[in-house]
Amino acid sequence: MRITISGPPGSGKTTACSKLSEALGLEAVVFGKIFRELAAEKNLTLGELGAIAEEDPSIDKMIDSRILEIARAHPDIILESRLSAYMLTRNGIPAFRILLEASPDVRMARVGLREGETLEEATQKTLDRQRSEAKRYMMYYGIDINDRSVYDLVLNTDDMTPDEVMDAILEGVRGWNAD
């Protein structure tokens, strides 16, 4: 089965993806990692690469076409990206689509901890990144990143441990399989 995991920075996507991959024995592809590697190759911050991507659609289109390529080639995979649920839905590729959410305070604290930044630094960088992504997704694809209609499961992870998130996802997956 294909599973997509989406959500804003700090919502717990990568942790959930890793735990779910282990629990289900499925390969997981984290597209944020590809964007980070591209930024590092170009010696840019995520914000700087995002600003360039606002002027150069080839960056996002390369990553997003890769999502579709991998999804078509692998009926059993976990895809973690902000747009994977939208891309698979638009292209008629079946998947269980998950959105993880968390309050801005929780997300910024998680991002700051992960990146070794102060809360203020994490907040500014993350908000800038989110604005850039929302602008690009609307400009390039007509996707409103706040449209939750494509998701089969929406979880708020504020008060959940990683194991609780995984348990909720597994319950959703079992229910979806039964349909």
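See above for the structure.
Computed from a predicted model, the values in this text were never measured in an experiment.

Section: the environment of aspartate 64
Here is step 1 of the chain: In this structure, aspartate 64 sits in helix H4 (residues 58–73).
Here is step 2 of the chain: Aspartate 64 gets classed as buried once you look at its relative accessible area, which sits at 7%.
Here is step 3 of the chain: Distance from aspartate 64 to serine 84, taken between C-alpha atoms, is 7.8 Å for residues 20 residues apart in sequence.
Here is step 4 of the chain: Beyond its immediate stretch of four places on either side in the chain, aspartate 64 contacts Leu83, Met87 and Tyr141.

A look at helix H6 (residues 104–115)
Here is step 1 of the chain: Compared with an ideal rise of 1.5 Å per residue, which puts twelve residues at 16 Å, H6 spans 16 Å between its outermost C-alpha atoms and is within 8% of the ideal.
Here is step 2 of the chain: Those residues of H6 not exposed but buried are Arg107, Met108, Val111 and Gly112. All buried residues of H6 project into a common sector of 130° when viewed along the axis, lining one side. Among the exposed residues of H6, those pointing more than 90 degrees away from its buried face are Asp105 and Leu113.
Here is step 3 of the chain: On its buried face, H6 sits against helix H7 (119–141).
Here is step 4 of the chain: Looking at the residues trailing H6, positive phi occurs at glycine 116, about 70°.

Description of the pairing of strand E4 (residues 96–101)
A regular strand places its side chains so that they alternate between the two faces of the sheet.
Here is step 1 of the chain: With five of six residues buried, E4 lies mostly within the body of the structure.
Here is step 2 of the chain: Inspection of the sheet shows strand E1 (residues 2–6) paired to E4 by four bridges, in the parallel sense. Among the inter-strand pairings, serine 6 is bridged to a residue of E4, identified as leucine 99.

Quick word on the nonpolar core
Here is step 1 of the chain: Within the largest apolar cluster, 30 residues are counted, with the highest numbers of intra-cluster contacts made by Phe31, Leu79, Leu83 and Leu88.
Here is step 2 of the chain: Secondary-structure elements contributing two or more residues to this core are helix H2 (31–41), helix H3 (46–55), H4, strand E3 (77–80), helix H5 (84–90) and H7.
Here is step 3 of the chain: For this core, the element with the most residues is H4, which contributes six residues.
Here is step 4 of the chain: Beyond its immediate stretch of four places on either side in the chain, leucine 83 contacts Asp64, Tyr137, Tyr141, Ile143 and Ile145.
Here is step 5 of the chain: In this structure, Cys17, Leu26, Leu100 and Val173 belong to the second largest nonpolar core, which totals 18 residues.

Notes on the side chain of lysine 13
Here is step 1 of the chain: Residue position: lysine 13 is located in helix H1 (residues 13–24).
Here is step 2 of the chain: Although lysine 13 is buried, it makes no salt bridge; glutamate 80 carries the closest opposite charge, 4.6 Å away.
Here is step 3 of the chain: At a separation of 3.2 Å, a polar atom in the side chain of lysine 13 contacts the main-chain carbonyl oxygen of glycine 7.
Here is step 4 of the chain: Once residues within four sequence positions are removed from consideration, lysine 13 is found in contact with Ile5, Ser6, Gly7, Pro8, Glu80, Arg82 and Leu100.

Definitions and cut-offs
- Residues numbered from 1 in each chain as written.
- Predicted model: local features only at pLDDT ≥ 70, side-chain atom pairs only at ≥ 80, totals over all residues.
- Heavy atoms only, no water.
- Helix = DSSP H or I, 4+ residues; strand = E, 2+ residues; numbered from the N terminus.
- Buried < 20%, exposed > 50% of the residue type's maximum accessible area, 1.4 Å probe, protein only.
- Contact = heavy atoms within 4.5 Å.
- Expected span 1.5 Å × (residues − 1).
- Arc of directions from axis to C-beta.
- Pairing = 2+ DSSP bridges.
- Core = buried A, V, L, I, M, F, W, Y, C linked by side-chain atoms within 4.5 Å.
- Lys, Arg positive; Asp, Glu negative; His and termini not counted.
- Salt bridge = Lys/Arg side-chain N within 4 Å of Asp/Glu carboxyl O.
- Polar contact = N/O pair within 3.5 Å; in protein donor to acceptor, adjacent residues only side chain to side chain.

Remember that the coordinates give geometry; whether it matters functionally is a separate question.
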